[in-house]
Every structure is written in C-alpha cells, then in structure tokens.
Amino acid sequence: MEENKKKKSIGFNIIKSDPTDGHGGYGVGALSLDNVSPVFIDIEEGEAFVDIGAMHARSVVEKGIKFLKTKEEVPNGKPYWLVWVTIDRKAEGPYYAGVAACEMTVDRSIRRGYKSLPEHVNRMDKSMKRHIIVDHMDERSKEILAGYLKKHDKHMWEHSDQKLKDDLNAN
C-alpha cells in the first residue's frame, strides 16, 4: 500500500465563536490568534501561500535559517513578504479585517536570512487590531496579494474595507 505524499494546501484559519461567550472571566477582551493567518508572498515566483508554521517562526521559508539583524548581512537573500491577515465578521459576512506586511529575505545557500522580529510581532498585533499596513509593499507584491485574497474568497474581498483595496491598488 503506497502512501499518498501529496502536500495538502492549508487555507485560512476558520473563524471560531468567541471562547469567552457567556462568562466575564479571564480572557475577556483579549485578542484571539484563531482568526490570523500568515500569508507569504514569494516575489520572484509570483505566488502567495499560507503557512501556519509562521505563527511560531517555523514556516517552510524560515526552517533551517539563522536570521541576522541587517539586510546587508544577507546580500543575496531572496525577498519575501510575510503578511498577517486577520479575518473578522460583520453583518454582510466575513471579511479581511487586518492585513499587515513585513519584509523578509532568505539565502538558502548560506542558511541565513533577514527579518526584524519586533516588526513581525508588531505587524501581527496591528493586523489583529484591524489595521491595514500594505502601502510600503512593492507593486508586484501588492498585485500578488490582492489576487490571492480575491481568489481565496471573492465575498470576503468585497466586504473588506476600501482602504485595503486602495492601498493594494486593486478595486
């Protein structure tokens, strides 16, 4: 019996009901990580993909890489964006509520990369707090991200704030 070793595509985290519903105890008002998904933009390949491993810096992109403090220490690093996407629900249905991008480079040949851990943590937090921070991305990456979000769920894209569409130059 041969095992099926096909890689399974991981989609966005599913919106769960509020775990604090019905009681006013510990955790009320705390933000939940259940609705956040890390989306990687591979600029050179022109693709976007979700890798939940990034929640703990264990994504396919990050595995086996020692991250250094400056971009200059990784001159031949392959550029990526890690985009924290938070999904929320409003009357019309679920939507992309927070979208915040962070820069990252990886040079597999020397097993080194660059990322700013404080920036990654802060951007995840901003995404969870429903901020849109994508205007600093290059145009190609904005196109890739907008295309991915639309393709993933057209209705969530349509229900999203106009700022997201404007900042990604994709209405």
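Everything that follows concerns the structure shown earlier in this document.
Values in this document were obtained by computation on a predicted structure and should not be read as measured data. (Residues numbered from 1 in each chain as written. Predicted model: local features only at pLDDT ≥ 70, side-chain atom pairs only at ≥ 80, totals over all residues. Heavy atoms only, no water.)

Chemist: Just checking my understanding: could you explain the overall build of the protein for this structure?
Modeler: Counting secondary structure elements, the protein contains four helices and seven strands. When the elements of the protein are put in sequence order from the N terminus, they spell out β-β-β-β-β-β-α-β-α-α-α. Among the 171 residues that make up the protein, the fraction classed as buried is 42%. Put simply, 64% of the contacts in the protein that link residues at least 6 apart link residues at least 24 apart. Of the roughly 10,200 Å² of accessible surface on the protein, 50% is carried by carbon and sulfur atoms. (Helix = DSSP H or I, 4+ residues; strand = E, 2+ residues; numbered from the N terminus. Buried < 20%, exposed > 50% of the residue type's maximum accessible area, 1.4 Å probe, protein only. Contact = heavy atoms within 4.5 Å. Areas by Shrake-Rupley, 256 points an atom, 1.4 Å probe, with all protein chains shown as cover.)

Chemist: Could you clarify how one ought to interpret the side chain of serine 59 in this entry?
Modeler: Structurally, serine 59 can be placed in the loop between β2 (47–50) and β3 (66–68). In this structure the side chain of serine 59 is engaged in a polar contact, spanning 2.6 Å, whose partner is the side chain of glutamate 62. (Polar contact = N/O pair within 3.5 Å; in protein donor to acceptor, adjacent residues only side chain to side chain.)

Chemist: Explain helix α2 (residues 139–152) to me, please; I cannot follow it from the model alone.
Modeler: An α-helix turns once every 3.6 residues. As a result, residues three or four positions apart point the same way. The end-to-end C-alpha separation of α2 is 20 Å, in line with the 20 Å expected for 14 residues at 1.5 Å each. Among all positions in α2, only Ser141, Lys142, Ile144, Leu145, Ala146, Tyr148 and Leu149 are buried. Looking at the packing, one finds that the buried side of α2 touches β1 (36–42), β2, β4 (78–90), β5 (93–107), α3 (154–159) and α4 (162–167). (Expected span 1.5 Å × (residues − 1).)

Chemist: What should I look at first to understand unusual backbone geometry in this one?
Modeler: Trans peptide bonds make up most of the peptide bonds, and negative phi angles are found at most residues other than glycine. With a phi angle near 55 degrees, arginine 111 is a residue other than glycine that sits in the positive phi range. Residue placement: arginine 111 occurs in the loop between β5 and β6 (112–114). For arginine 111, a relative accessible area of 51% translates into the label exposed.

Chemist: Please clarify how helix α1 (residues 117–128) should be interpreted in this entry.
Modeler: The first and last C-alpha atoms of α1 sit 17 Å apart over twelve residues, in line with the 16 Å expected at 1.5 Å per residue. Among the residues making up α1, those that are buried are His120, Arg123, Met124, Ser127 and Met128. Down the axis, α1 shows its buried residues gathered within 140 degrees of arc, on one side only. Contacts from the buried residues of α1 go to β1, β4, β5 and β7 (132–133). Two residues or fewer past α1, arginine 130 is found with a positive phi of approximately 70 degrees. (Arc of directions from axis to C-beta.)

Chemist: Explain the nonpolar core here, please?
Modeler: In summary, soluble globular proteins display a tendency toward joint burial of nonpolar side chains. In terms of nonpolar packing, the biggest core is built from 25 residues, with Ile41, Val83 and Leu145 touching the most fellow members. Looking at this core, the elements that each hand over two or more residues are β1, β2, β4, β5, α2 and α3. If you tally residues by element for this core, the top one is α2, at five residues. With 14 residues, the next largest nonpolar core counts Ile65, Tyr80, Val106 and Met128 among its residues. (Core = buried A, V, L, I, M, F, W, Y, C linked by side-chain atoms within 4.5 Å.)

Chemist: How do you make sense of the packing of aromatic side chains when you look at a structure like this?
Modeler: To describe a pair of aromatic rings, one takes the distance between the centres and the angle between the planes. Enumeration over the complete set of coordinates arrives at one aromatic pair. Seen in terms of ring centroids, phenylalanine 40 and phenylalanine 49 are 5.6 Å apart; in terms of plane orientation they differ by 20 degrees. Their pairing is stacked. Lysine 90 extends its terminal NZ or CZ atom over the ring of tyrosine 95, reaching a point 4.3 Å from the ring centre. One Lys or Arg, lysine 115, reaches over the ring of phenylalanine 67 and ends 4.6 Å from the middle of that ring. (Phe/Tyr/Trp six-rings, centres within 6.5 Å; stacked < 30°, edge-to-face > 60°. Lys NZ or Arg CZ within 6 Å of the ring centre and 35° of its normal.)

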